[in-house]
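Summary of the model geometry
Single-letter residue listing:
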Amino acid sequence: MASPTRTDTPAGTAADRPAGPSAPSPLAPSPVLAPLRWLRRNAVVLVGAASLVYLLLPNVVVMLFSFNKPAGRFNYEWRSFSTDAWTDPCGVADMCGSLGLSLQIAVLATVFATAFGTFAAFALARYRFRGKGTGNALIFLPMAMPEVVMGASLGTLFLNTRVAFGFVTILIAHIMFCLSFVVVAVKARVMSMDPRLEEAARDLYAGPFQTFVRVTLPLAAPGIAAGAMLSFALSFDDFIITQFNAGPSTVTFPMFVWGAAQRGVPVQVNVIGTAMFLIAVAIVLGGQIAAGRRRRQG
């Protein structure tokens, strides 16, 4: 009678080895490289957050020092918390007058630059005419030209034509350099619009005026609003071009700040800067909320 076959397990195989922690798989991710992989996945977010902090940090400092009560004329060191500047923002002589002049010039320059720039943007984006390439190049020229060159050129023009320096010369100069930014913003929006929407309106027996008011203008409104806000900010903040074209009695808010900096910037300047910054943030947030509601309703 044949004996049953016996299968022996060779010595040193897995069955004879004591149980223990298994060796890591060569395909398993190394824990040493985990931070590098996390940085690679979130690099764009980190760079964006760092850029925002870099941009907003000066505004935070201005807001903080608007509640300061300096010991002397210079508001450079924190002394004590105070709301005196907020309760009396016009406590410094001629500051609110210069602020009102800057706001008036900025509003008028924005209105004229937005109107002229919108018409020019539609003409450059929708029509073909002789000199269109030259017109596009000339539109970008004020954006690429240094402000010192533009300010000196306009000042020389007004001086040679015997135009009295003052409110009108500042307004003309501001409209000129704001016009380019409006054209660029509106033109980019117009070129991205779908022409089939306007064709559909005409197919539904809408006239040219109805098509423009009900279809074209609402579609171009974001670009027009962006150009208008950019024009207002650039006009209100401008100093170099204004300095070349201002009269002896026309002192804008940036010119007032520049003159006050040589004697000591008052805390009220920080108050005005903080108020303008908060108003701008409120306008942007309001626009974003309104756009989000329209998207949800649509």
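Shown above is the structure to which this text applies.
Keep in mind the model is a prediction, meaning the values are calculated, not measured.

**Some thoughts on the pattern of salt bridges**
Applying the stated criterion across every chain yields a total of four salt bridges. With its nearest N and O atoms 4.0 Å apart, the salt bridge here joins Lys69 to Asp84. Taken together, the residues span a long stretch of sequence, with Lys69 in the loop between α2 (43-65) and α3 (84-87) and Asp84 in helix α3 at a distance of 15 residues. Residue Lys69 is classed as partly exposed on the basis of its relative accessible area of 46%. Relative accessible area serves as the criterion here: at 44%, Asp84 is assigned to the partly exposed category. Between Arg126 and Glu198 there is a salt bridge, and its shortest N-O distance comes to 3.0 Å. Within this pair, whereas Arg126 is found in helix α4 (residues 95-126), its partner Glu198 is found in helix α8 (residues 195-203), the two being separated by 72 residues in sequence.

**Details of the packing of aromatic side chains**
Throughout the structure, instances matching the rule amount to nine aromatic pairs. Between Phe112 and Phe116 the ring centres are 6.2 Å apart and the planes differ by 40 degrees, which places this aromatic pair in the tilted class. Here the residue Phe112 and the residue Phe116 both occupy positions in helix α4, the gap between them amounting to four residues, near one helical turn. Relative to Phe236, the ring of Phe232 lies with its centre 6.3 Å away and its plane at 10 degrees, an arrangement referred to as stacked. Placement of the pair is Phe232 and Phe236 together in helix α9 (residues 208-237), with a separation of four residues, close to one helical turn. According to the relative accessible area criterion, Phe232 is partly exposed, its value standing at 27%. Classification of Phe236 by relative accessible area gives buried; the value is 12%. An aromatic cluster is defined as three or more aromatic residues linked by ring pairs; in this entry it consists of Phe67, Phe81 and Trp86.

Conventions used here
- Residues numbered from 1 in each chain as written.
- Predicted model: local features only at pLDDT ≥ 70, side-chain atom pairs only at ≥ 80, totals over all residues.
- Heavy atoms only, no water.
- Salt bridge = Lys/Arg side-chain N within 4 Å of Asp/Glu carboxyl O.
- Helix = DSSP H or I, 4+ residues; strand = E, 2+ residues; numbered from the N terminus.
- Buried < 20%, exposed > 50% of the residue type's maximum accessible area, 1.4 Å probe, protein only.
- Phe/Tyr/Trp six-rings, centres within 6.5 Å; stacked < 30°, edge-to-face > 60°.

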